[in-house]
Every structure is written in C-alpha cells, then in structure tokens.
Amino acid sequence: MSATCPCGLGRPYADCCGPLHAGVAAATAEALMRSRYSAYVLGDSDYLRATWHADTRPSPLDLGDSAATRWLGLEVKRHAMTGADSAIVEFVARYKVGGAAAVRLHELSRFVREDGRWYYVDGEFPSR
C-alpha cells in the first residue's frame, strides 16, 4: 500500500503503521494508538485484538459495519508517560456510519508495556 497512512502523520502507510500491522513493536504508546486507529480504518480486527491487553480484550471484537464506516480523521491531543511502562494518550477520532451524522470519539486511553510491547488497556471519555 503506497497510500498515505490513515493515522494522520502524512507518511506512506508502508513507512508508518504498515510495519506495526506486520508485527513490529510500537516504540511508544502514541505509535500504538495511531496504528490501532489505522487498523480500525482498514478493518483489521486481528491487529486490534493482538494489541489489546489480555485482561481487558473483548471476545469477540465486533467492528460493526466496517464497510459502511468512513473514518474522517484523528487528532492526538496529548501523550504522556505515567510510569516506566505505562502511558496515556488522549485523542479525538471522527467517523461516519452510512448517511448518519459524524461521530466525535474523544478518549483518554491507558496503555501498558509488557515484554517490550505496548498494549491498549482501556479508556475513558472526558467530559470536556
């Protein structure tokens, strides 16, 4: 895939989230979060499950009608380490399903690093 990566960094997919989707470990929680957003855009539920922490991973993972979902963009608001192997990433993702109005998903996500790999744990939805 030579197209621009969906994660919003403006780089080619092959040089951005593509290697992570192929198994390379994300260097930071933000990189993992961006690659997970790209996986949602691409409908890659296997990658999403593989990068979701085993303690909180849903089974099965339902992406809904991914063919009808159009992802509109990602904005990372902040990324901060909260410990040696933990971090948070605050982001806003926008998408539309079918002809419905656009949805704005604002999440403060928690990540942990185990054995050199970052995993998404969970998130909360800030009221601001």
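In case you missed it, the structure is sitting above this.
No experiment lies behind these values; they were computed from the predicted model shown. (Residues numbered from 1 in each chain as written. Predicted model: local features only at pLDDT ≥ 70, side-chain atom pairs only at ≥ 80, totals over all residues. Heavy atoms only, no water.)

Caption draft 1: Looking closely at unusual backbone geometry. Residue Pro 60 is reached from Ser 59 by a cis peptide bond, and omega for that bond is -5°. The residue Asp 115 is not glycine, and still its phi comes out positive at about 50°. The residue Asp 115 is located in the loop between strand 3 (103-114) and strand 4 (117-124) in this model. Given a relative accessible area of 83%, Asp 115 falls into the exposed group. (Helix = DSSP H or I, 4+ residues; strand = E, 2+ residues; numbered from the N terminus. Buried < 20%, exposed > 50% of the residue type's maximum accessible area, 1.4 Å probe, protein only.)

Caption draft 2: The environment of Thr 4, seen in detail. You can see Thr 4 is positioned in the segment before helix 1 (18-21). Through-space distance from the C-alpha of Thr 4 to that of Asp 15 is 9.4 Å; in sequence the pair is eleven residues apart. Ignoring sequence-local partners within four residues, the contact set of Thr 4 consists of Gly 10, Arg 11, Pro 12 and Tyr 13. (Contact = heavy atoms within 4.5 Å.)

Caption draft 3: Broad picture of the sheet that holds strand 4. Across the sheet, which stays open at both edges, the four strands sit in the order 1-2-3-4 with antiparallel pairing between neighbours. A single partner strand is all that each edge strand has here, and the edge strands are strand 1 (69-83) and strand 4. Sheet twist, expressed as the average angle between the axes of neighbouring strands with direction ignored, equals 30°. For strand 1 and strand 2 (residues 86-97), the ladder comprises twelve bridges, and the chain directions are antiparallel. Within the sheet, the bridge partner assigned to Val 76 lies in strand 2 and is Phe 91. (Pairing = 2+ DSSP bridges. Axes fitted to C-alpha atoms, helices over the stretch in contact; angles between N-to-C directions.)

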